[in-house]
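A look at the structure
Below are the chains, spelled out letter by letter.
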Amino acid sequence: MGPFVPPDVVVDGFKERPESLTVQGDRLYIGTSTGNLHVYTFGDTPDRAAELLETRKALCRKSIEQLAYIKDVNSLAVLSEAQVTLFPYPTYSPPAPLVKTKGALCFALHTAVEYLTPGTTVPSTPGTPGKGKGVPAVVTRLAVGCRRKIVLYSWRDGEPQDVQEFTLAHSPRAMVFIDSEFVCWGHTPTDYALTSLITSSTVDVSTPIPATSSSGSIGTMGMGALSGLGGYMTLGLGAKAKPCVVSLSESEALIAKDNNGFVVGSDGKTSRNENIDWPAPPDEIALVKPYVFAVLPPGSVPTSQVDGLPAASPSTFIASPVVEIRSSISLAPVQTIPFPPAPLTVHATAATHTVRLLTPSPSDKSPLFVVSTPTDRTAASNAGSAVWRFRMKPWNQQIDELVEVGSYTEALALLDSLDAALVSDKEGRQRQIRALQAVDDFRNAKYDDAINAFLELNINPAKVVALYPENISGRVAVPPEDWIPLFGGPKPKATEAVPAPVAQPALTVGSPKAGERPGTPKSVESPPRAPTPQGSIRGVLKTGLESIVGAAKDDDAASIRSVRRPPKPDNFHRSIEVLMRYLSDRRPKIAGALAQFNITSAQSHEMPILSATSKEDLLNLPNAPLSALTPEELVRFAQIVDTALFKSYLLVRPGLLGPLCRVGWCEVSEVEELLREREKYQEMIYLYNGRKMHGKALSLLRQLSEKETDIHDKLMPTVSYLQRLGPEHLDQIFEHSRWVFDQDRDIGFEIFTSEEVELPKERVADFLEHIDPAICARYIEYLISERGETSQEFHDRLAELYLRMTVAAKKKGDDDSRKMHYEKLLHFVDTTQHYSADRLFGLLPPEDFFEAKAILLGRLGRHDSALEVYVYRLQDYLKAEEYCKRVYQPNSPTANIFLTLLRIYLLPGPSAPPAAQLLPPALELISRHSPRLDPVATLQLLPPLVTAQDVRAFLLESLRAPVFDTRVVRSVYKAREEQVARRLMVLQSKRVRITDSRICPQCHKRLGGSVIAVHVPHGEVTHYQCREAFARKLKEGRA
């Protein structure tokens, strides 16, 4: 498995020696060592071989060393005989030699769209779009490396420009454009430089120095590795090595130094920390974006690097050349193909072919062509050379294969490098692969990175929670082998029996071997090797063989020292902490989204429970921003998040469960048993209360009360809970308060006297009356005294309760209880005004409750009847007198109340006691309240036999003539008022007159307009400042 399909032969049996290749559209141009040019056409399918269109014999007199097609001038650039010549297409005549390129060694071609500011000829930003500014132009540059110089030919929209020359210190033997300004070139296999086409400056490329040469290189491998290379090595060592350089992007180039590859920027320095470490110096390199091809010599790549080839021993190497393909993004190897791709065994003793990349890096859409030639001269003469074509798989297929083997980082990097038009739903694929990468990070204990990605991608919380054990995720738990399919990845393949190793052709490397973690790039380094420069790919990606060898070396050192192993990290608790961070981030945001629909956690009991939704439906909830979800989906998210957060806190922070229990969307059925196992009963009660599951909470409280011995500790938790329930839970309050009343009625009564909520008073009174009328009466007393209840309904009901309890106690013969309830009744009817007196009077028995009747008659305004009850029925004369005192009001209808009582005493009715019995209280009334009795009416009521001595005090009080005394006092007050009025009038009539001749009696000066003072009683007038002295003088004169 790899990004390229197995190479196929497009030209076979090519008898001449190919020296150069180039591609233009579906045309393949092959230049030979004899100067001939062969033009082939090829199709896109492997079953169709290239067809020869034409052959230009003796196009050049000598070998054609390099070819390129220049679209702007529709010509073929040919390097031959140390000079570049342009051959017009398709006639190839007349040739146009570029005269200034004599001594040419190589050339490079670059085409880009540049933007020119109007009125100028210099591009503002060479090779880059001008974002709508300036005039766009297609600029093609042909840089020719000659002896110690670079000659630059350029065309702008097909028009030739001035030729430029740049003098160098060395002769370029390989060159490539980095961008429109910089050219990277090499003059030896290890020496490279960059030349600016604008400033004409040249800088040497500086790269890190390897610590030691690689032990896997050709020069340092054992003799066993070189055995059997025979003819190939003889031919290869005689050839002069050339520098290898390719352009990776508009800002980077890859150069090969020995067996290392470095990525350099336009400043001449390495632009990446990573570098390539090939097993041996590559013969040639080329680029098909985004992949780097390298031809490695025979015997340099171990068989363990290639899938499908059995290795007899770790030191066995592939005896043929190898084409290694690496990602230009990560520099990691992605495919390794022995060449030619034909059946061969590891026991081959010699290379059978040579492999050359005779074409410069093609365009993005072009395939790459490789030439293989038999090393045996006879075979080469008979069979000729073959041209192989590497065709890239479709981008979607490459990405799918990378995802299938778990190479998510490489898949993302590949996606980022592609235009959106080349990949279907690029953004969606990126999101999916990022999610899979996050799952892979989670699997490898990179919890923070994984959770950050889940947050950024708005992953369904159910999927995130499903990655955790069942004690956290509950029924949405997913086994690790199903994590990738859960997030949209491929399903794992069923494990199959591995057949015994057999000799078969090995074409690609892509899927991880057994024991390797999916997603880890394969290394193509030979075993065992010396250290390589820090930061190289080899330093990061070791083969399994190297790890074994390194471990063996470390065992000797470990035997002579004792190293204490660090404690194993607690990944489980660390993952829980990260999950809590994720859930705590989601929780307020989900609450905010629900608030947009006027949904709060207080309504959680009204929503469908989480267990009513299947596991599949929960995991299939969309991965979308919260603002794009429906209220039902948001509720499910809230339930999932709060339930998982609750379980997480229960595991690592059980002391902080309280707030989650009181408010939230936690699914009770999934956590209540966990709380019960840990005896977190208080948290269970909070949880039930928050979800309005009051029946369960109260049942649990009753169970817990059985463990208590103190009655207060047994009942008060239930009482406190019931006190907080509102009127919508009245039936539950009644149901669960019965057992409290059975235990202690005083504590049970506190349930209905809480000020936290207000319950329907009528229904509460009905319930309490059903339990005990005394408790109902107590409740109504509480309403009247504490809550200020004034409704007639409750007052009438309380009076009836008193009456019924009094009657019941009398029937039972309980005098104490009867007396207590009757006194309450009397006090109630006597002190309150909010009951219906006539209704209550009608409920009283005819031959009992006379005092209550008297009070009620008084309430009805029937004072004479009330007094008759006191006097005739109760014969309680003091209460009758107290009644009169209470209702007496002068100058009102009750002003003669005492006279009414006296009349009842002295003029008794039929039901009255004997008259002789009523006369003493009547005489006492006359003696004590004579001022409130009319004397004449009183005397008329007295019986004839009453002596004057009996009413002496009354008579003396009456004979004082209080009317005369009042008249005298009134006359005196009137005379006094008149006297005062006359005196005031006299004083107000007095005046003083100030004339010009009036003299101050104190200083004998004229008063004039000065401030004056008037002295009493004779009206002397002095200056104001003389007043005190004159006043003293008057006082002395009076003395």
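Residues numbered from 1 in each chain as written. Predicted model: local features only at pLDDT ≥ 70, side-chain atom pairs only at ≥ 80, totals over all residues. Heavy atoms only, no water.

**A word on the overall build of the protein chain**
When you go through the protein chain residue by residue, the secondary structure sums to 36 helices and 31 strands. For the protein chain, with 1039 residues in total, the buried portion stands at 47%. Considering only intrachain contacts with a sequence separation of at least 6, the fraction spanning at least 24 residues in the protein chain is 56%. Of the roughly 52,600 Å² of accessible surface on the protein chain, a fraction of 53% belongs to carbon and sulfur atoms. (Helix = DSSP H or I, 4+ residues; strand = E, 2+ residues; numbered from the N terminus. Buried < 20%, exposed > 50% of the residue type's maximum accessible area, 1.4 Å probe, protein only. Contact = heavy atoms within 4.5 Å. Areas by Shrake-Rupley, 256 points an atom, 1.4 Å probe, with all protein chains shown as cover.)

**Brief notes about the pattern of salt bridges**
This structure, assessed with the given rule, holds 40 salt bridges. Here Glu 19 and Arg 356 are joined by a salt bridge, their closest N and O atoms 4.0 Å apart. Of this pair, Glu 19 sits in strand S2 (residues 18-24) while Arg 356 is found in strand S27 (residues 353-356), placing the two residues 337 residues apart along the sequence. Look at Glu 19 and you get partly exposed, because its relative accessible area is 21%. The buried category is assigned to Arg 356, whose relative accessible area is 12%. Counted as one network, the salt bridges with shared partners bring together Asp 766, Glu 769, Arg 797 and Arg 804. (Salt bridge = Lys/Arg side-chain N within 4 Å of Asp/Glu carboxyl O.)

**Describing the sheet that holds strand S3 (residues 27-32)**
The sheet built from four strands is open, its strands ordered S2-S3-S4-S5 with antiparallel pairing. Pairing within the sheet leaves two strands with one partner each, and these edge strands are S2 and strand S5 (51-56). In this sheet, neighbouring strand axes are inclined to one another by 20° on average, regardless of whether the strands run parallel or antiparallel. (Pairing = 2+ DSSP bridges. Axes fitted to C-alpha atoms, helices over the stretch in contact; angles between N-to-C directions.)

**Observations concerning the sheet that holds strand S6 (residues 64-70)**
What the four strands build is an open sheet, ordered S6-S7-S8-S9; its pairing is antiparallel. With partners counted over all chains shown, the strands left at the sheet margins are S6 and strand S9 (96-97), one partner each.

**Considering the packing of aromatic side chains**
Between two aromatic rings, the relevant description is the distance of the centres plus the angle of the planes. Here the structure, examined in full by the defined rule, presents 24 aromatic pairs. A ring pair is formed by Phe 339 and Trp 388, whose centres lie 5.4 Å apart and whose planes are at 75°; its orientation type is edge-to-face. Of this pair, Phe 339 sits in the loop between strand S26 (333-338) and S27 while Trp 388 is found in strand S29 (residues 385-390), placing the two residues 49 residues apart along the sequence. In terms of burial, Phe 339 and Trp 388 fall into one category: buried. For the ring pair Phe 442 and Tyr 468, a centre distance of 5.1 Å and an interplane angle of 70° mean the geometry is edge-to-face. With Phe 442 in helix H6 (residues 426-443) and Tyr 468 in the loop between helix H8 (461-466) and helix H9 (470-473), this residue pair connects regions lying 26 residues apart in the sequence. The two residues Phe 442 and Tyr 468 agree in class, both being buried. One aromatic cluster in this structure is built from Phe 4, Tyr 291, Phe 293, Phe 339, Trp 388 and Phe 390. The ring of Tyr 1024 has Arg 1027 sitting right over it, with the charged end atom 3.8 Å from the ring centre. (Phe/Tyr/Trp six-rings, centres within 6.5 Å; stacked < 30°, edge-to-face > 60°. Lys NZ or Arg CZ within 6 Å of the ring centre and 35° of its normal.)

**Overview of the environment of Asp 996**
On the secondary structure map, Asp 996 appears in the loop between helix H35 (962-989) and strand S30 (1012-1015). Between the C-alpha atom of Asp 996 and that of Gly 1008, which follows or precedes it by 12 residues, the distance is 5.6 Å.

**Section: the nonpolar core**
Counting 185 residues, the largest nonpolar core has Phe 293, Phe 390, Phe 454, Phe 752 and Tyr 905 as the members making the most contacts within it. Looking at this core element by element, the count peaks at 11 residues for helix H15 (residues 631-652). Not counting residues up to four positions away in its chain, the partners in contact with Phe 293 are Phe 4, Glu 284, Ile 285, Ala 286, Val 288, Val 323, Glu 324, Ile 325, Leu 357, Leu 368 and Phe 390. By size, the runner-up hydrophobic cluster in this structure holds 18 residues, among which are Cys 244, Ala 294, Ile 318 and Leu 331. (Core = buried A, V, L, I, M, F, W, Y, C linked by side-chain atoms within 4.5 Å.)

**Thoughts on the packing of helix H26 (residues 815-831) against helix H28 (residues 850-859)**
The interhelical angle for the contact between H26 and H28, taken along N-to-C directions, is 10°, at an axis separation of 10 Å. Considering their axes alone, H26 and H28 lie roughly parallel with respect to each other. On H28, the residues that touch Tyr 822, Leu 826, Val 829, Asp 830 and Thr 831 of H26 are Phe 850, Glu 851, Ala 852, Ile 855, Leu 856 and Arg 859. Grouping the amino acids of the contact of H26 with H28 by side-chain chemistry returns seven nonpolar, one polar and three charged. (Parallel < 35°, antiparallel > 145°, perpendicular 65-115°, else oblique. Nonpolar A, V, L, I, M, F, W, Y, C, P; charged D, E, K, R; others polar.)

**Digging into the side chain of His 187**
Examined against the element boundaries, His 187 turns out to sit in strand S16 (residues 182-188). With relative accessibility at 14%, the residue His 187 sits in the buried group. Apart from the residues lying within four places of it in its own chain, the contact partners of His 187 are His 170, Ser 171, Arg 173 and Pro 243.

**Re the confidence of the model for the protein chain**
Of all residues in the protein chain, 84% have pLDDT values of 70 or greater, and the mean over the chain is 82. Here residues 213-238 scores under 50 on pLDDT; set against residues more than four positions off or in separate chains, the count is 44 contacts. (pLDDT = per-residue confidence, 0-100.)

**Quick word on the packing of helix H23 (residues 761-771) against helix H24 (residues 773-785)**
For the pair H23 and H24, the least separation of the axes is 6 Å and the interaxial angle reads 150°. When the axes of H23 and H24 are compared, the pair comes out roughly antiparallel. Residues Lys 761, Val 764, Ala 765, Leu 768, Glu 769 and Ile 771 of H23 touch H24, and the partners they reach there are Pro 773, Ile 775, Cys 776, Tyr 779 and Leu 783. Residue classes in the contact of H23 with H24 are distributed as nine nonpolar, no polar and two charged.

**A look at the pairing of S30**
On a regular strand, one side chain projects to one face of the sheet and the next to the other, so that they alternate. By the alternation rule, side chains of S30 split into Ala 1013 and His 1015, which are all buried, and Ile 1012 and Val 1014, of which none is buried. Direction of pairing for S30 relative to strand S31 (residues 1020-1023): antiparallel, over a ladder of four bridges. Bridging across to S31, His 1015 finds its partner in Glu 1020. Following S30, the chain reverses through four residues before pairing antiparallel with S31; Gly 1019 in that reversal takes a positive phi of roughly 85°.

**Here we look at unusual backbone geometry**
What you tend to see is this: most non-glycine residues have negative phi, and most peptide bonds are trans. At the junction of Ser 93 and Pro 94, the peptide bond is cis and its omega measures out at -5° in the coordinates. Here Pro 94 lies in the loop between strand S8 (83-88) and S9. Between Lys 289 and Pro 290 the backbone carries a cis peptide bond, its omega angle lying at 0°. Tracing the backbone through its elements, the reader meets Pro 290 in the loop between strand S23 (284-288) and strand S24 (291-296). With a phi close to 60°, Phe 849 is a non-glycine residue in the positive phi region. Among the structural elements, Phe 849 can be located in the loop between helix H27 (837-843) and H28. Classification of Phe 849 by relative accessible area gives buried; the value is 5%. Positive phi, close to 55°, is recorded for Asn 891, a residue that is not glycine. Looking at the secondary structure, you find Asn 891 in the loop between helix H30 (877-887) and helix H31 (897-906).

**Describing the environment of Gly 261**
Inspection of the secondary structure assignment puts Gly 261 in strand S21 (residues 260-264). Residue Gly 261 is classed as buried on the basis of its relative accessible area, which comes to 0%. A sequence separation of 20 residues divides Gly 261 from Pro 281, and the C-alpha atoms of the two residues are 9.1 Å apart.

**Section: the side chain of His 38**
Assignment of secondary structure puts His 38 in strand S4 (residues 37-41). Excluding its chain neighbours within four sequence positions, the residues that come into contact with His 38 are Phe 14, Glu 16, Leu 28, Tyr 29, Ile 30, Thr 32, Leu 52, Glu 54 and Thr 55.

**Examining helix H13 (residues 571-595)**
With 25 residues, H13 ought to run about 36 Å at 1.5 Å a step, and its terminal C-alpha atoms sit 36 Å apart, in line with that. When we look at burial in H13, the residues that qualify are Ser 575, Ile 576, Val 578, Leu 579, Met 580, Tyr 582, Leu 583, Arg 586, Ile 590, Ala 593 and Leu 594. Of the surrounding secondary structure, the elements contacted by the buried residues of H13 are helix H7 (447-457), H8, H9 and H15. (Expected span 1.5 Å × (residues − 1).)

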